[in-house]
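# Structural overview for review
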Amino acid sequence: MELHINGETRQFPDRDAAFTVAALVAELGLAGKRIAVERNGDIVPRSQHGETALAGGDRIEIVVAVGGG
């Protein structure tokens, strides 16, 4: 499956089960971090990461919150 993540095209293996936003976040090593995810121009609330399936060609933007002072 081909996804466009933050402007970069990435390949992921096809899976038998749905590949969700939560699975992508985990695969990218971002699980547990403060992030915002957008799929094809729409914000995906954290509560829907586990049920939002991804499809080949989706455009994903992920922003990681960085604290500072």
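Here, every reference points to the structure presented above.
What counts, and at which threshold
Residue positions are given per chain, counted from 1 along the sequence in the order it is written. Reporting in this predicted model follows two pLDDT cut-offs: at least 70 for local features of residues, and 80 or more for side-chain atom pairs to be given and counted; totals over whole chains, interfaces and linings ignore these cut-offs and use all residues. To get the side-chain values, take all heavy atoms of the structure and skip hydrogens and water. Secondary structure elements are taken from DSSP: a helix is a run of H or I of four residues or more, a strand is a run of E of two residues or more, and numbering for both begins at the N terminus. Atoms counted for the radius of gyration: C-alpha only. Globule rule: 2.2 Å times the number of residues to the power 0.38. Throughout this description, buried means an accessible area under 20% of the type-specific maximum (1.4 Å probe, protein chains only), exposed means over 50%, and partly exposed covers the range between. For this analysis, a polar contact is any N or O atom pair within 3.5 Å, provided that within protein one partner can donate a hydrogen and the other can accept it, and provided that sequence-adjacent residues contribute only side-chain to side-chain pairs. The criterion used for residue contact is that any of the two residues' heavy atoms lie within 4.5 Å. The term salt bridge refers to a side-chain nitrogen of Lys or Arg lying within 4 Å of a carboxyl oxygen of Asp or Glu. At least two bridges found by DSSP between two strands is the condition for calling them paired.

In terms of regular secondary structure, the protein is built from 1 helix and 5 strands. For the protein, the N- to C-terminal ordering of α and β elements is β-β-α-β-β-β. Here the protein has a C-alpha radius of gyration of 12 Å; the compact-globule value for 69 residues is 11 Å, and the two agree. Across its three principal directions, the C-alpha atoms of the protein cover 45 × 25 × 20 Å.

Take the side chain of threonine 52 next. Relative to the helices and strands, threonine 52 resides in the loop between strand E4 (42-44) and strand E5 (59-64). We classify threonine 52 as buried; its relative accessible area is 13%. Engagement of the side chain of threonine 52 in a polar contact is seen with the backbone oxygen of glutamine 48, the distance being 2.6 Å. Excluding residues that lie within four positions of it along the chain, threonine 52 makes contacts with Phe19, Thr20, Val21, Arg39 and Val44.

Summed over the entire model, instances satisfying the criterion amount to 2 salt bridges. Of the charged contacts, one joins arginine 15 and glutamate 27 as a salt bridge, the two residues approaching to 2.5 Å between their closest N and O atoms. One end of the pair, arginine 15, is in the loop between strand E2 (8-11) and helix H1 (21-27); the other, glutamate 27, is in helix H1, and 12 residues separate them in sequence. When its relative accessible area of 40% is taken as the criterion, glutamate 27 is described as partly exposed.

Pairing analysis gives 4 bridges linking strand E1 (residues 2-5) to E2, with the strands arranged antiparallel. Across the sheet, histidine 4 pairs through a bridge with threonine 9, a residue of E2. Connecting E1 to the next strand, E2, in antiparallel fashion are 2 residues, including asparagine 6 with a positive phi near 50°. Sheet analysis places E1 next to E5, joined by 2 bridges and oriented parallel. The partner of histidine 4 across the bridge, within E5, is arginine 59.

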